[in-house]
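Residue-level structure breakdown
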Amino acid sequence: MMPDVSVAEWQEIRMLDLLRSFFASPVMLDALLPSLLIAVVTASMSVMVMAHRLSYLTVGVSHASLAGLGLAVTLSLPLLPTATLFAVLVALLLALMPRSKGISEDAGTGMLFAGSMALGIILISSASSARVDLFGLLFGNILTVSGEDRFWLYLLAGFVLVTLALASRAWWSIAFDAVTAEASGLPVAGLRLLLYGLVGLTVILCVKLAGIVLTAGLMVLPAACAWLWGRSLGGLWLLSTLFSLLGTWIGLLWSYALEWPSGASVVMALCILFVLSWASNWGVVWLKSNARKG
């Protein structure tokens, strides 16, 4: 006879079994630290992406990085270092392009996005299928991270976080009043180039977890959730990090329990968190509005 348990107790038992099984899996444990580190980096970077309205840039650079990955596969070069160099060059070119020939930033992003994506598809299609994990490139697979990938991810993550710690206040000032920031002595043009380059680095961090197609979700959703509640730079960073870590943790659990792709699971979790955050914020505003009327 099965002991009498309530539905809530049964669900709690199943959740505990899932957690024990998750932490007993070597594959999931190997993926956990890189995933959480990527979550912290993307959460920190997403605040600047939102403040400077660079969401479309993240889409363009992430898709353009397919050309860098294609070059690495075709020429038998290290995958992540080659893609990193290409993504940073594309991001810097986009930062400089609006100043040349009157080309707007969104038009430049669209052109580089399309051209680089086309080049990447041509290069990858001509490579041996045994050398290319196309699904992993497009949608991410942090569960297959190698020792070399792990070293490169840690190196990039450390550089991005240190740079953010040093330059975030200046970037925050430039985002809301570039003229005053320049008048106060800040090198606005140089800091802007640095920000774009850092976006390129962060995009490559995301590719291993979420892939080329879903990278923009990791770069935008954490700060989008936080923006509904925070106002200061510190508050937004803290909330963005909490949302990102929670979404990554839930996504990895879903991936393990339901055998879903890890990147898509994480981005879906972040999307649901955004909807819940937006609905909660709307409810708070509605209650306050009714309280004033009463």
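For the structure itself, look to the data block above.
Residues numbered from 1 in each chain as written. Predicted model: local features only at pLDDT ≥ 70, side-chain atom pairs only at ≥ 80, totals over all residues. Heavy atoms only, no water.

Attention now moves to the overall build of the protein. Helix and strand counts for the protein come out as 11 helices and 0 strands. Its helices and strands taken in sequence order, the protein reads α-α-α-α-α-α-α-α-α-α-α from the N to the C terminus. The C-alpha atoms of the protein give 21 Å as radius of gyration, which agrees with the globular expectation for 294 residues (19 Å, within 12%). Considering only C-alpha atoms, the protein reaches an extent of 80 × 65 × 30 Å along its principal axes. When burial is assessed residue by residue, the protein has 46% of its 294 residues classed as buried. Sequence separation of at least 24 residues holds for 76% of the intrachain contacts in the protein that already meet a minimum separation of 6. When the accessible area of the protein is evaluated, it comes to approximately 14700 Å², of which 70% is carbon and sulfur surface. Of the charged side chains in the protein, 14 are positive and 13 negative, and the gap between their average positions amounts to 13 Å. (Helix = DSSP H or I, 4+ residues; strand = E, 2+ residues; numbered from the N terminus. Rg over C-alpha atoms; globule rule 2.2 N^0.38 Å. Buried < 20%, exposed > 50% of the residue type's maximum accessible area, 1.4 Å probe, protein only. Contact = heavy atoms within 4.5 Å. Areas by Shrake-Rupley, 256 points an atom, 1.4 Å probe, with all protein chains shown as cover. Lys, Arg positive; Asp, Glu negative; His and termini not counted. Charge placed at Lys NZ, Arg CZ, Asp CG, Glu CD.)

This part takes up the nonpolar core. In terms of nonpolar packing, the biggest core is built from 77 residues, with Met45, Val61, Trp171, Val199 and Leu218 touching the most fellow members. Looking at this core, the elements that each hand over two or more residues are helix H2 (26-51), helix H3 (55-75), helix H4 (79-96), helix H5 (105-126), helix H7 (147-176), helix H9 (188-227), helix H10 (233-258) and helix H11 (262-293). The dominant element in this core, judged by the number of residues it contributes, is H9, at 22 residues. In this structure Leu218 touches Thr42, Ser46, Cys206, Leu209, Ala210, Val266, Val267 and Leu270, once residues within four positions along its chain are discounted. (Core = buried A, V, L, I, M, F, W, Y, C linked by side-chain atoms within 4.5 Å.)

Remember, this is a structural readout, not a statement about activity or role.
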